[in-house]
Amino acid sequence: MPSFDLGESIPPDTAHAVSVSLPTWDANVGYEEGQDWVVRRMTTGYPRFFIHRSIEAFASDIVAMFGSPGLHAMLFPTRQIAKRCVAFVKSRGPPGVAGNPEIIHLVLDVANPASAALEPLGPSIAAVMCSQEAFPFAKQYWQHSGDGVSSRRAEFCHGLFKDGLLCFDDGPKSPSAAAQKPCRGPRRYRRMSSIDAGKTPISSDASPTSPAKGPGVIREAQESSRFLEERFGRNLDIAFVEPAKSAIRRRIAGAVTSDHELSTSPIPEMNANSRGIVNLKEDDVYLFPCGMNAIFNAHRALLDIRGSMKSIDFGFPYVDTLKILEKFGPGCVFYGHASESDLDDLEARLEGGERFLGLFCEFPGNPLLTCPDLVRIRQLADKYDFAVVVDETIGTFGNINVLQFSDVVVSSLTKIFSGDCNVMGGSAIFNPDSRYYSALKTYAQTEFEYTYWPEDLIFMERNSRDFASRIDRINTNAEAICDVLRSHPLVKMLYYPKYGDSRSNYEICKLPDGGYGGLLSVVFHRRSQAVAFFDTIDTAKGPSLGTNFTLTSPYVLLAHYQELDWAASFGVDPDLIRISVGLEETEHIVNIFKSALSAAEKAPLK
């Protein structure tokens, strides 16, 4: 295993890495407490908790040009999203603090001939400029919603900004004010261009097999790619953006499982899928910049089509799922154990006349790997009319099929779907058999904005080609590690779907050739044992999961440091260690865990 220095990106020397090395227990505590010896060495961090240096640099330059000393900026991809952030800041911040944040909307300067080749990328930026006192509320919106710009978008757009290719857009223009000029550049872009940087419906995807994608258009797109590389030093493979989008969506739909090189042949027709929904189509899969943004937009959609009602958060959740349900809308009812008694209580509420927007849950949960009873939940949802939104990130559609019980299935593609820990992404599937399907599709056509940056999309497509084969290896390694941990006397509790009390719920959703996933959690009898184990284990150590390499984390410290007692009230031990299992040789990774257990055996009695 390579060693990782404190604060180094994971993977190392990766500009857009998704994780960061926190190699000791004390380093994790120091990070949470903002201790200088940790924070000053952080080169990066998990993208929704740590503002990437490229985003930070661009934000500073925007403030320098358009703002005044003392202001800060948070970057978003569109004006509409920035408006939502401003509304959040004003609603959550005290009146004297929120002030009046300003939106600086930057779009391509169409008067510049070099801009024409960039139009297909849609490189717009909307900066919310606010005071130092209001900035924490803008950051809350950024973290919870996942609406912020990716580091690749920021890096690319910052370059355009420096080159004078992005200009300030002060709002919609009249036809005369938006008079357009012919542009020079690749042949297909020598036409009248538009200053419009508004909404692109997330559902408006051209099929790579449609007549519009003939050889001539592909050649022109390749010409544009060459132009971009020569002019801006970036090869974005524009010709393959739409095919890459289609390939990702089909993989998520369970229709394309094999490795497929986009540059050599068209994507096969989507004739069948492994999701068990015969009429599921490619355009029922929606892509987002990250998994939390998929959850955020699913919740927004349900609020719009069903009205303002409380949601249900069922099972101990990933931290920001609960925050979304609590802060965006009328709130939620939280059932932290995901137990049958919790379902009994919910059923009693429903029988008593209470009504809910939807039930949100993870399958399995993070970090206790609890699996809610989706059969009973579906029965209650059908009887009492609420939506079921299931996050399948940890189980993955390579192991389980939860769409049969769900109205919407969401996932963080950042995790095992990508595996390489160098790109963010998220997805949502609308079940065509859902009673809400038509309303959701109508809402998506008018209200969703497609903001997944093309560079991120291309990385995600490449990374996910071998997704199916990686799942099998990770399942095998996880079970081998579980065997070592379960048999060791220092281990107080092991959390894994195969061995939990809710295994029967998992088995109902498990695919015939599926396994139990690559995530497990362990609790030792004493904290000193947990510390010795964590400090010694020779794996990468940092936030995130689903990586192609084993990644270990004192997860509860990182996710719930300010609310450890609250987490403990739901059975989540503050000293829990979460392990995301990778693709290492099984014998090798097992020996690594045995060595760490030997160190735990020598831990002091305290």
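By the naming in an unreviewed UniProt entry, the protein goes by cystathionine gamma-synthase and is assigned to Lasiosphaeria ovina. Of the protein, the UniProt comment under Sequence similarities (unreviewed entry) reads exactly: "Belongs to the trans-sulfuration enzymes family. MET7 subfamily." Under the UniProt heading Cofactor (unreviewed entry), the entry covering the protein gives this text: "pyridoxal 5'-phosphate".

Peer 1: Help me understand the overall build of the protein in this model?
Peer 2: Each helix and strand counted, the protein has 21 helices and 18 strands in total. Burial analysis of the protein (606 residues in total) assigns 59% to the buried set. For the protein, the share of sequence-separated contacts (at least 6 apart) that also reach a separation of at least 24 residues comes to 74%. In the form shown here, the protein has an accessible surface area of approximately 23,300 Å², with 50% of it arising from carbon and sulfur atoms.

Peer 1: I tried to follow the sheet that holds strand β3 (residues 71-76) on my own but got confused; where do I start?
Peer 2: Each strand in a sheet pairs with its neighbour through backbone hydrogen bonds, running either in the same direction (parallel) or in the opposite one (antiparallel). Within the open sheet, the 4 strands sit side by side as β3-β5-β4-β6. Their pairing is antiparallel. Every interior strand has two partners, whereas the edge strands, β3 and β6 (166-168), have only one. Here the average twist between neighbouring strands, direction ignored, is 30 degrees. Bridge count between β3 and strand β5 (residues 125-131): 6 bridges; the pairing is antiparallel. Paired with A73 across the strands is M129, a residue of β5. Contacts from helix α3 (residues 53-66) reach β3, β4 (102-108), β5 and β6 within the one sheet, and its direction differs from that of β3 by about 125 degrees.

Peer 1: Just checking my understanding: could you explain the pairing of strand β8 (residues 311-314) for this structure?
Peer 2: Within a regular beta strand, the side chains point alternately toward one face of the sheet and then the other, so they alternate between its two faces. The alternating pattern of β8 places S311 and D313 and I312 and F314 on opposite faces, both of which are buried. Sheet topology places β8 next to strand β9 (residues 332-335); 4 bridges connect them, and they run parallel. Bridging across to β9, I312 finds its partner in V333. Taken together, β8, helix α11 (residues 319-327) and β9 constitute a β-α-β crossover, and its handedness is right-handed. The pairing of β8 with strand β10 (residues 358-362) spans 3 bridges and is classified as parallel. Bridge pairing links I312 to L359 in β10.

Peer 1: Is there a simple way to explain the nonpolar core in this structure?
Peer 2: Generally speaking, a soluble globular protein has its nonpolar side chains buried in company with each other. Membership of the largest hydrophobic core comes to 101 residues, with the highest contact counts inside it found for F58, L75 and F76. The dominant element in this core, judged by the number of residues it contributes, is helix α10 (residues 291-306), at 7 residues. Non-local contacts of L75, meaning those with residues more than four positions away in its chain, are made with I55, F58, A59, I62, I125, A126, A127, G148 and V149. Within the second largest apolar cluster, 83 residues are counted, among which are F314, Y335, L380 and V409.

Peer 1: Would you explain the packing of helix α6 (residues 135-145) against α10 in this entry?
Peer 2: Any two packed helices are characterised by how steeply their axes cross, that is the angle between the axes, and by the distance between the axes. Running from N to C, α6 and α10 point in directions that differ by 95 degrees, and their axes come no closer than 7 Å. The angle between α6 and α10 places the two elements in the roughly perpendicular class. Across the interface between the two elements, Y141, Q143, H144 and S145 of α6 pack against M292, N293 and F296 of α10. Of the residues that constitute the contact of α6 with α10, the class distribution is 3 nonpolar, 4 polar and no charged.

Peer 1: How do you make sense of the packing of aromatic side chains when you look at a structure like this?
Peer 2: Aromatic rings in a pair are described by how distant their centres are and how their planes are angled relative to each other. The full count for this structure, using the stated rule, is 31 aromatic pairs. Ring centres of F334 and W566 lie 5.7 Å apart, and the angle between their planes is 25 degrees; this geometry places the pair in the stacked category. Here F334, found in strand β9, pairs with W566, found in helix α20 (residues 564-568); they are 232 residues apart in sequence, far enough to count as distant. You can call W566 partly exposed: its relative accessible area is 28%.

Peer 1: Is there a simple way to think about the side chain of H299 in this case?
Peer 2: Residue position: H299 is located in helix α10. Assessed through its relative accessible area of 2%, H299 is described here as buried. Excluding anything up to four places from it in sequence, H299 contacts S311, I324, L325, F328, L357 and F360.

Peer 1: Hey, could you run me through the environment of L368 in this one?
Peer 2: Within the fold, L368 resides in the loop between β10 and α13 (374-384). We classify L368 as buried; its relative accessible area is 14%. For the pair L368 and H337, spaced 31 residues apart in sequence, the C-alpha separation works out to 9.6 Å.

Peer 1: Help me understand the sheet that holds strand β15 (residues 519-524), please; the structure alone is not making it clear to me.
Peer 2: Taken in spatial order, the 5 strands make up an open sheet running β14-β15-β18-β17-β16, and their pairing is mixed. Looking at strand neighbours, the two that pair on one side only are β14 (491-495) and β16 (540-541), the edges of this open sheet. As judged from the 4 bridges shared by β14 and β15, these two strands associate in the antiparallel manner. By the bridge assignment for β15, M493 is matched with V523. Packed on one face of the sheet, helix α16 (residues 467-486) meets β14, β15 and β18 (577-580) and runs near 10 degrees to β15.

Peer 1: Hey, could you run me through α10 in this one?
Peer 2: Every α-helix winds through 3.6 residues per turn, so residues three or four apart in the chain are directed the same way. Compared with an ideal rise of 1.5 Å per residue, which puts 16 residues at 22 Å, α10 spans 23 Å between its outermost C-alpha atoms and is within 8% of the ideal. Among the 16 residues in α10, 13 count as buried, and that is most of the element. One or two positions beyond α10, positive phi appears at G307, with a value near 100 degrees.

Peer 1: Explain unusual backbone geometry here, please?
Peer 2: Negative phi values dominate among residues other than glycine, just as trans dominates among peptide bonds. Residue P11 is bonded to the preceding I10 through a cis peptide linkage, with omega at 0 degrees. A cis amide bond links N366 with the next residue in sequence, P367, at an omega value of 15 degrees. Position of P367 among the secondary structure elements: in the loop between β10 and α13. Unusually for a residue other than glycine, L369 sits at a positive phi of about 60 degrees. As for its placement among the helices and strands, L369 is situated in the loop between β10 and α13. Its identity as a non-glycine residue notwithstanding, D385 has a phi of 60 degrees, on the positive side.

Peer 1: Can you help me understand the pairing of β10 in this one?
Peer 2: Counting buried positions along β10 gives 5 out of 5 residues, so the element sits mostly inside the fold. Neither face of β10 is exposed, since G358, F360 and E362 on one face and L359 and C361 on the opposite face are all buried. In this sheet, strand β11 (residues 387-391) lies alongside β10 in parallel orientation, the contact comprising 5 bridges. Residue pairing for β11: F360 is matched across the bridge by V389.

Scoring rules and cut-offs
Residues numbered from 1 in each chain as written. Predicted model: local features only at pLDDT ≥ 70, side-chain atom pairs only at ≥ 80, totals over all residues. Heavy atoms only, no water. UniProt positions renumbered as here; feature names shortened; annotations may be inferred. Helix = DSSP H or I, 4+ residues; strand = E, 2+ residues; numbered from the N terminus. Buried < 20%, exposed > 50% of the residue type's maximum accessible area, 1.4 Å probe, protein only. Contact = heavy atoms within 4.5 Å. Areas by Shrake-Rupley, 256 points an atom, 1.4 Å probe, with all protein chains shown as cover. Pairing = 2+ DSSP bridges. Axes fitted to C-alpha atoms, helices over the stretch in contact; angles between N-to-C directions. Right-handed = clockwise from strand over helix to strand, strands pointing away. Core = buried A, V, L, I, M, F, W, Y, C linked by side-chain atoms within 4.5 Å. Parallel < 35°, antiparallel > 145°, perpendicular 65-115°, else oblique. Nonpolar A, V, L, I, M, F, W, Y, C, P; charged D, E, K, R; others polar. Phe/Tyr/Trp six-rings, centres within 6.5 Å; stacked < 30°, edge-to-face > 60°. Expected span 1.5 Å × (residues − 1).

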